[in-house]
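Notes for the structure review
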Amino acid sequence: MVVEPDIRPGSPSIRVLIIDDEEPIRRLVQSVLTQHGCMVESADNGRAGLHILLQRDFDVAVIDLRMPDLGGSDFLRQARSIWPWLGIIILSGHADQESKANAQRYGVTRVLSKPVQLKVLLESVLAEAAEKKRRVEMSASQSMDHLQDQLLLLRHFSEQAIAADNLEEAMSSLSMG
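In this text the structure is predicted, and so the values were computed from the model without any measurement. (Residues numbered from 1 in each chain as written. Predicted model: local features only at pLDDT ≥ 70, side-chain atom pairs only at ≥ 80, totals over all residues. Heavy atoms only, no water.)

Tallying secondary structure elements over the chain gives 6 helices and 5 strands in all. Written out in order from the N terminus, the α and β elements of the chain read β-α-β-α-β-α-β-α-β-α-α. Counting the 177 residues in the chain, one finds 37% classified as buried. Here the chain displays about 10600 Å² of accessible surface, and carbon together with sulfur accounts for 55% of that area. (Helix = DSSP H or I, 4+ residues; strand = E, 2+ residues; numbered from the N terminus. Buried < 20%, exposed > 50% of the residue type's maximum accessible area, 1.4 Å probe, protein only. Areas by Shrake-Rupley, 256 points an atom, 1.4 Å probe, with all protein chains shown as cover.)

Rendered as structure tokens:
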């Protein structure tokens, strides 16, 4: 079952960055994802991928493990430290148990082996994009809860200070909180 992205007029597309040193793989993946409404960019190594990520926001990165200049494992480590919410899928011909364990340390659960069924890749990209959206919304919700707690404290302190009869009482009530 292929899950179609929820793309309606005015809704944002899923933004995908493909990082693979094999041009035919990049072109094929880009073509399939673009046909399904995704906005796709690509890079031929991890260093170029990091440069692109510094300039634009993406929902999902599809990365190969072995590439010249900066491989997938190094890219993964650096990308996770800067963009913890980024959805990441590893697509590699060298996906062994060690690389899967390393990927899991960085929160990557989708490790696909080449050659990959394009239907499986598309479903993985859509699922990873949905998970990224949930992570971002949950983080924003937690931030709002924290902000509300802080505003409640400020309101409490302000009310006590305003109710004070003189400056000394106001300062005292603020320090006692």
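Turning next to helix α2 (residues 46–55). One turn of an α-helix holds 3.6 residues; hence residues three or four places apart share an orientation. Here α2 has its buried residues at Gly46, Gly49, Leu50, Ile52 and Leu53. Along α2, the residues classed as buried sweep out an arc of 160 degrees about the axis, all on the same side. Turned more than 90 degrees away from the buried face of α2 sit Leu54 and Gln55, all of them exposed. Measuring from the side-chain oxygen of the N-cap residue of α2 to the backbone nitrogen of Arg47 gives 2.9 Å; that N-cap residue is Asn45. (Arc of directions from axis to C-beta. Polar contact = N/O pair within 3.5 Å; in protein donor to acceptor, adjacent residues only side chain to side chain.)

The step from Lys114 to Pro115 runs through a cis peptide bond, and the omega angle for that step is -10 degrees. Of note, Pro115 is situated in the loop between β5 (110–113) and α5 (118–163).

What follows concerns the nonpolar core. Judged by nonpolar contacts, the single largest core of 23 residues is most densely connected at Ile19, Leu53, Ile63, Phe75, Leu76, Leu86 and Ile90. Those elements that provide at least two residues to this core are β1 (15–19), α2, β3 (60–63), α3 (72–82) and β4 (87–92). (Core = buried A, V, L, I, M, F, W, Y, C linked by side-chain atoms within 4.5 Å.)

Moving on, we come to the sheet that holds β4. One open sheet accounts for 5 strands, arranged β2-β1-β3-β4-β5; its pairing is parallel. Of all strands in the sheet, those bounded by a partner on one side alone are β2 (39–43) and β5. Taking each pair of neighbouring strands and ignoring which way they run, the sheet shows an average axis angle of 20 degrees. Those strands touched by helix α1 (residues 23–35) are β1, β2 and β4, and its axis lies near 170 degrees from that of β2. (Pairing = 2+ DSSP bridges. Axes fitted to C-alpha atoms, helices over the stretch in contact; angles between N-to-C directions. Contact = heavy atoms within 4.5 Å.)

Enumeration over the complete set of coordinates arrives at 11 salt bridges. Among the ionic pairs, Asp57 bridges to Lys132, the shortest N-O distance being 3.7 Å. Placement of Asp57 in the loop between α2 and β3 and of Lys132 in helix α5 is noted, with a sequence separation of 75 residues between them. On the accessibility criterion, Lys132 (6% relative accessible area) is buried. Between Arg110 and Glu131 there is a salt bridge; the shortest N-O distance is 3.0 Å. Of the two residues, Arg110 sits in strand β5 while Glu131 sits in helix α5, which places them 21 residues apart along the sequence. Taking the relative accessible area as the measure of exposure, Glu131 reaches 26% and is therefore partly exposed. Sharing partners across several salt bridges, the network here consists of Arg15, Asp57, Asp59 and Lys132. (Salt bridge = Lys/Arg side-chain N within 4 Å of Asp/Glu carboxyl O.)

The next subject is the pairing of β1. Across the 5 residues of β1, 4 count as buried, placing the element largely inside the fold. As paired elements, β1 and β2 share 5 bridges and run parallel to each other. Bridged to Arg15 within β2 is Met39. Remark: the β1/α1/β2 crossover connection has right-handed handedness. Relative to β3, β1 runs parallel, the two sharing 4 bridges. Within β3, the residue paired with Leu17 across the bridge is Ala61. (Right-handed = clockwise from strand over helix to strand, strands pointing away.)

A few words now on the confidence of the model for the chain. In this model, the chain carries an average pLDDT of 79, and 75% of its residues clear a pLDDT of 70 or more. Note on residues 1–11: pLDDT under 50 across the span, and 19 contacts to partners over four residues away in sequence or across chains. (pLDDT = per-residue confidence, 0-100.)

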